[in-house]
Amino acid sequence: MGTHFSAPIAEQIWDAKYRFKQFDGTPIDEDVEDSWRRIAKHLASAEKDPELWEPKFYEALEDFKFLPAGRITAGAGTDRSVTLFNCFVMGTIPDSMDGIFSMLKEAALTMQQGGGIGYDFSTIRPSGAEVKGVAADASGPLTFMDVWDAMCRTVMSAGSRRGAMMATMRCDHPDILKFIEAKRDPKRLRMFNMSVLVTDDFMAAVKADGLWELHFQKKIYKTMAARELWNQIMQATYDVAEPGVIFIDRINKMNNLGYCETIAATNPCGEQPLPPYGACLLGSINLARLIDDPFELDSGIDRKKLSKLVRTAVRMMDNVIEVSNFPLQQQRQEAVDKRRIGLGVTGLADALIMCGLIYGSDEACRQTEEWLRYIAIEAYLASADLAAEKGSFPLLDREKFLASGNMQQMPKIVHDAVRTFGIRNALLTSIAPTGTISLYAGNVSSGIEPVFAHEYTRKVLQKDGSKVEEVVQDFAVKAYWDWFGEGGSQHPGDLPATFVTAQDLPPEAHIRMQAAAQKWIDSSISKTINLPADISFDDFQQVYMDAYDSGCKGCTTYRPNDVTGSVLSVAPKPEAKGAPEPVKEVQAVEQPAERPEHLNGTTYKLKWPNDPHAIYVTVNDKDGRPFEVFFNTKNTGHQAWMMALSRTISAVFRRGGDSRFIAQELMEVFDPKGGAWVNGTYVPSLIAAIGQLLSRHMDGGLCGAVRAGEITLNDALGVGGSSISAAACTSCGALALVMSGGCSTCSSCGYSKCG
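The shown structure was predicted, so the numbers you read here are calculated from the model rather than taken from an experiment. (Residues numbered from 1 in each chain as written. Predicted model: local features only at pLDDT ≥ 70, side-chain atom pairs only at ≥ 80, totals over all residues. Heavy atoms only, no water.)

Caption draft 1: Geometry of helix α22 (residues 660-667). All of the buried residues in α22 are R660, I662, A663, L666 and M667. The arc that holds every buried residue of α22, seen down its axis, measures 160°, which confines them to one face. (Buried < 20%, exposed > 50% of the residue type's maximum accessible area, 1.4 Å probe, protein only. Helix = DSSP H or I, 4+ residues; strand = E, 2+ residues; numbered from the N terminus. Arc of directions from axis to C-beta.)

Below you can see the structure in the form of structure tokens.
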């Protein structure tokens, strides 16, 4: 087992997330080849001649060349009641109490099967509006978003996958200012990503310094300066990293299906703008695995091999529509009527490095556009061939389809094929976040993102409770040392200039790459522009203006802040090679703070297996930070050590500073009698379970601004590596959570907020 894995982390993630096992944990997939066979067989079952297509599908999967998204990789061929679709946009929310809670039920059923969801809350009347017949004022969409948030936490607590939701609101809705400011409260709407639907008229008004009306159902509630509203959006995003911005008019104008649908929402990570009940399945061509003669002057991708892979991938993804479960019948009907797929790429940055190109340069942008243009054309021709064989999607109107904004750039060969044969899939391309899938494929760069780090060290838990250190290298870095590094130092500082990482790049490099890719992507792109904490507000705003002016369909940035933490930040680089500069310690006050008379807190019920009595953990917060902790249980055998633990932890909390190390230390305590499996995760001791609870309290938005601080990733995890800091992962506790592709991903355990 493991002969196909290029790094231990890849095998570990396969085993934890994608390997088919019995419910007691006994493996059914003996090796990764079994996983590929399972997927290939299931998808080939939709063919008239499965025996013909199964080996072809296996060949596409082999060596991680084509990477179906996590839902497909984990669920295909398992006969489990799960959906193979990663993302959905739910139905339009009616402006009535009955309709709103009907939509809430549909959301819960969808999330129960593992689907991320998106909703447009612009259809709910604003706060203060009259509710006829009950002599009351409306509470507004934000209050109902709180209900969705609570539902998501509940569904998440009952399953193994963290809930993921996207909320959108139009820039002309009367409650848009409340929507913009909502995430400033660190306890509110933590299960949502949030984006403003920005129209072309609004952007024109901002540039002209004109007025802007906020209205609902033709009633104007407020008129304000467009630039004032824009500045408030930008200030909130600058301060707390949300909301994002979606250029909704551009999305609808470029939609192949603009003649039969209107889009007002996206999936949680933004790469799939979808109509009501729209669903999309995802998959990625792994460009890093396709480079011939890497690091040589004639390195590149064989067009014939790429064409064959793309055409096979389109067929496989089209078959997913036939074999997948759907939480709701409306979702099945929408998928069958339009047959959307989202074929994208991953490993782009590594592929550019292996071809001697610097991410964000003019040459890299041209190469990116060339590769994606070729993939798009081949995907459309493959879908036309499928239409000739199996029929076009039912809602195809050929002339309207060919006249759509997106089709205007397609070459004559595509137009001729669609006009002659029709087309099987209404939309074909998208670029999704691929954090976990990319780690599984050997730590290739994610999506079209730059390389995050050349290498880092992670601590891996062994079966006996001990930990060993493992160096994780980026795929291109490992390939370079395998190619040239025999006998060399293999120090990251010795890499050529083409090996740039996220912290090396200015914002305009990100925008250029996103714009170059977007030209040939039907849907959209999940991408994060990571920015330094000290970027000026004016420069920050310009990033969004540049994204709009360059033709992007949306923009998401991440700047370290006190609410969401330092998900990606850069420590000062040493002037000379050698050990990293020492990290500044977080200073704590010498005397404990006085306790106020009243404190707000949260009580958690912790049930440890084989213990008949629950443990109740109360964490009281002050100024957004934990101030004290209390334990209560009927088990008298626990009372002495719990009192000691309560006093010790509370004493640390009251002295201020970053107290996250407390949770980390507790999570590393191992019981010599053995731990327990809790909700599918092995917890090494009851003390470790308490540590996990405290970590989730501090990192899950239940308390305020306690985050990882400016601790470099290599110092946090062991030894040398890139000078990058990260937040604590809510799954494994490692300081390895980074923002990439619009999604938080742990480079240590593979946890991904987007699944």
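Caption draft 2: Structural view of the pattern of salt bridges. This structure, assessed with the given rule, holds 32 salt bridges. K21 is the salt-bridge partner of D15, the closest N and O atoms lying 3.4 Å from each other. Residue D15 is classed as partly exposed on the basis of its relative accessible area, which comes to 26%. Given a relative accessible area of 21%, K21 falls into the partly exposed group. In this structure, the salt-bridge partner of D146 is R188, at a minimum N-O distance of 2.9 Å. With a gap of 42 residues between them, D146 in helix α6 (residues 141-158) and R188 in the loop between α7 (176-181) and β7 (192-198) connect regions that are remote in the sequence. The partly exposed category is assigned to D146, whose relative accessible area is 30%. Residues joined by salt bridges that share partners form a network here, namely E47, R315, E389 and K390. (Salt bridge = Lys/Arg side-chain N within 4 Å of Asp/Glu carboxyl O.)

Caption draft 3: Spatial organisation of the nonpolar core. In terms of nonpolar packing, the biggest core is built from 178 residues, with W148, I285 and Y440 touching the most fellow members. When residues of this core are assigned to their parent elements, the largest contribution, 14 residues, is made by helix α14 (residues 362-390). Not counting residues within four places of it along the chain, the set of residues in contact with Y440 comprises F5, A10, I13, W14, Y18, V32, W36, F64, L67 and T73. In this structure, V617, L645, V683 and I690 belong to the second largest nonpolar core, which totals 24 residues. (Core = buried A, V, L, I, M, F, W, Y, C linked by side-chain atoms within 4.5 Å. Contact = heavy atoms within 4.5 Å.)

Caption draft 4: The arrangement of the packing of α14 against helix α19 (residues 507-518) in detail. In contact at an axis separation of 8 Å, α14 and α19 are set at 25° when each is read in the N-to-C sense. In this view, α14 runs roughly parallel relative to α19, as classed from their interaxial angle. Classified by chirality, the crossing of α19 by α14 is right-handed. Here α14 contributes D362, A364, C365, T368, E369 and L372 to the contact with α19, which in turn contributes R512, M513, A516 and A517. Residue classes in the contact of α14 with α19 are distributed as 6 nonpolar, 1 polar and 3 charged. (Axes fitted to C-alpha atoms, helices over the stretch in contact; angles between N-to-C directions. Parallel < 35°, antiparallel > 145°, perpendicular 65-115°, else oblique. Left-handed = near helix turned anticlockwise from the far one by under 90°. Nonpolar A, V, L, I, M, F, W, Y, C, P; charged D, E, K, R; others polar.)

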